[in-house]
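Read off the chains here:
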Amino acid sequence: GDDIYKKNFVKEKTLSFHPKKYQELLNENKKLITKFPNDYLLHDRLARNYVAGGYTNKAKFHFSESLKLQRKIKCSKGKSGIIILISMPRSGTGFISRSIQNGLNLRSVKIPNLDSWYPHYSVIDVPDFVRYWYFTEMPDGFWQGHTSAFKSTLSNLSLITDKIIVSFRDLRQQLISFAYFMEYLRLTGDHTGLIKYQIPDGYFIWSFEKQLDWQIENYCVPVNINWLKGWLKADQDLEFPCEILFCQYEMLAKNPKQYFKNIMSFYGISEEKFKYPLPPKFKEGTHMRKGEADEWKKVLKPEQIQKIN
């Protein structure tokens, strides 16, 4: 049992093992899984035993199997497991996050994340509840970030969850929202936010059209194209075990009930347990400015639209 394992580990403070005995342990672990295939703790034990031998790919497979089984059991008991939202900036992130948390009464889960220089250093780290050498079950809770699909992030995510939501927006409208968001940061004196997005000298002296041209050529558009391509590639990566639900902002704007219904179905959560949110309140000059889906048609010049397309 875990208590005995914990006690002995603390006493011995070593992971040394004899190769022959190690192989016997693996074989016994495999036999038990054959007999009890739905025991998530046995999969977790085998994963950790594989790590001790340096078999990381086999270990990740069984960590993933353990997470899937934990999720299945939690859903059967009316719980949620961990819900993770990876979102493109300016794609309704705040509203979606609040709606899921409040709608399911979920607490925030602490997962270390660095996206201070999005997208170059956006990395999810392994949280403490996964680092523990003794077993800790998947928590019920919510986490959100803008991280890119870097190899390190994908590897760490596979130890945390079996399912993630990837939220995105039409890049033409995302560009408009982002350009106005930069002005919002300037007006609110958020100097660290402005430095984070790496704008060039004199950016706010330029006309709005010139700012859009720069974002199309140098930052917002190419960055988010690569961000989305990265997650599409991750979805096809056979070594990345997490299932991805892609959610588009335009669906949220058009049919919010169906949008959240799809998320509940994806996580195996009964729709009856979710309290649907009230429509968001928008106000010019704030973090939630308009929320439109096709404002870009009125703002962008034909040549700008053509370049983005």
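Computed from a prediction, not measured in an experiment: that's the story for all the values here.

About the cut-offs
- Residues numbered from 1 in each chain as written.
- Predicted model: local features only at pLDDT ≥ 70, side-chain atom pairs only at ≥ 80, totals over all residues.
- Heavy atoms only, no water.
- Helix = DSSP H or I, 4+ residues; strand = E, 2+ residues; numbered from the N terminus.
- Contact = heavy atoms within 4.5 Å.
- Areas by Shrake-Rupley, 256 points an atom, 1.4 Å probe, with all protein chains shown as cover.
- Lys, Arg positive; Asp, Glu negative; His and termini not counted.
- Charge placed at Lys NZ, Arg CZ, Asp CG, Glu CD.
- Buried < 20%, exposed > 50% of the residue type's maximum accessible area, 1.4 Å probe, protein only.
- Disulfide = S-S within 2.5 Å.
- Pairing = 2+ DSSP bridges.
- Core = buried A, V, L, I, M, F, W, Y, C linked by side-chain atoms within 4.5 Å.
- Salt bridge = Lys/Arg side-chain N within 4 Å of Asp/Glu carboxyl O.
- Phe/Tyr/Trp six-rings, centres within 6.5 Å; stacked < 30°, edge-to-face > 60°.
- Axes fitted to C-alpha atoms, helices over the stretch in contact; angles between N-to-C directions.
- Expected span 1.5 Å × (residues − 1).

> Help me get a handle on the overall build of the protein chain, residues and values and all.
Within the protein chain, the secondary structure is distributed over 15 helices and 6 strands. In the protein chain, once contacts between residues fewer than 6 apart in sequence are set aside, the share between residues at least 24 apart is 72%. Summed over all atoms, the accessible surface of the protein chain reaches about 17,200 Å², with 54% contributed by carbon and sulfur. For the protein chain, the distance from the average position of its 46 positive side-chain charges to the average position of its 33 negative side-chain charges is 4 Å.

> If you had to explain the side chain of Asn29 to someone new, which residues and values would you point to?
Relative to the helices and strands, Asn29 is located in helix H2 (residues 19-35). When its relative accessible area of 6% is taken as the criterion, Asn29 is described as buried. Ignoring sequence-local partners within four residues, the contact set of Asn29 consists of Leu42, Arg45, Leu46 and Asn49.

> Quick rundown of the state of the cysteines? Include the residues and the values.
Following the criterion strictly, the structure yields 0 disulfides and no others. This cysteine, Cys75, is not joined by any disulfide, and Cys242 carries the nearest cysteine sulfur, 15 Å off.

> Before we move on, could you go through the pairing of strand E4 (residues 141-145) and cite the residues and values that matter?
Counting buried positions over the 5 residues of E4 gives 4, a clear majority of the element. Pairing between strand E1 (residues 82-87) and E4: 5 bridges, direction parallel. Looking at E4, one finds that Ile82 is bridged to Gly141.

> Tell me about the nonpolar core, residues and numbers included.
Grouped together as the largest cluster of nonpolar side chains are 48 residues, with contacts concentrated most on Ile84, Ile86, Ile164, Trp227 and Trp231. Of all elements in the fold, only E1, helix H7 (151-160), strand E5 (163-168), helix H8 (171-187), helix H10 (208-218), helix H11 (220-236) and helix H15 (302-308) reach the threshold of two or more residues within this core. In terms of residue count, the dominant contributor to this core is H8 (8 residues). Setting aside chain neighbours within four positions, we find Ile164 in contact with Ile84, Ile86, Leu157, Trp231, Phe240, Glu243, Ile244, Leu245, Phe266 and Tyr267.

> If you had to explain unusual backbone geometry to someone new, which residues and values would you point to?
The phi dihedral of Asn105 is positive, around 55°, even though this residue is not glycine. Positive phi values are uncommon outside glycine, yet Gln198 reaches one of about 55°. Topologically, Gln198 is positioned in the loop between helix H9 (191-196) and H10.

> Account for the pattern of salt bridges, with residues named and values stated.
On inspection of all chains with the given rule, the structure shows 11 salt bridges. A salt bridge links Lys74 to Glu137, with the shortest nitrogen-to-oxygen separation between them at 3.6 Å. Highlighted residues: Lys74 in helix H4 (residues 56-76) and Glu137 in the loop between helix H6 (128-131) and E4, separated in sequence by 63 residues. Residue classification places Lys74 among the buried residues on the basis of a relative accessible area of 6%. Relative accessible area serves as the criterion here: at 40%, Glu137 is assigned to the partly exposed category.

> Kindly report on the packing of aromatic side chains, identifying the contributing residues and their values.
Taken as a whole and judged by the stated rule, the model has 18 aromatic pairs. Ring centres 5.9 Å apart and planes at 85° place the aromatic pair Tyr50 and Tyr55 in the edge-to-face group. Tyr50 sits in the buried class, given a relative accessible area of 6%. A relative accessible area of 39% means that Tyr55 is categorised as partly exposed. Ring geometry for Phe181 against Tyr184: centres 6.0 Å apart, planes inclined by 20°, an arrangement best described as stacked. Within this pair, Phe181 and its partner Tyr184 are both found in helix H8, separated by 3 residues, close to a single helical turn.

> Describe the sheet that holds E4, naming the residues involved and giving the relevant values.
In sheet architecture, strand pairing relies on hydrogen bonds along the backbone and comes in two forms, parallel and antiparallel. Strand order in the open sheet formed by 4 strands is E4-E1-E5-E6, with parallel pairing between adjacent strands. Of all strands in the sheet, those with a lone pairing partner are E4 and strand E6 (243-248), marking the two edges. Each adjacent strand pair in this sheet contributes to an overall mean axis angle of 20°, direction not counted. Strand contacts of helix H13 (residues 256-266): E5 and E6, with the helix running at about 175° to E6, the strand carrying the most contacts.

> Quick rundown of the environment of Leu41? Include the residues and the values.
Note that Leu41 resides in helix H3 (residues 40-53). Taking relative accessible area as the criterion, Leu41 reaches 31% and is therefore assigned partly exposed.

> With reference to specific residues and values, describe H8.
Taking 1.5 Å per residue, 17 residues should reach 24 Å; H8 reaches 24 Å between its end C-alpha atoms and fits that length. Burial of H8 is extensive: 12 of the 17 residues sit out of reach of the surface. Along its buried surface, H8 packs onto H9, H10, H11, helix H14 (296-299) and H15. Of the residues one or two after H8, Gly189 is the one with positive phi, at around 70°.

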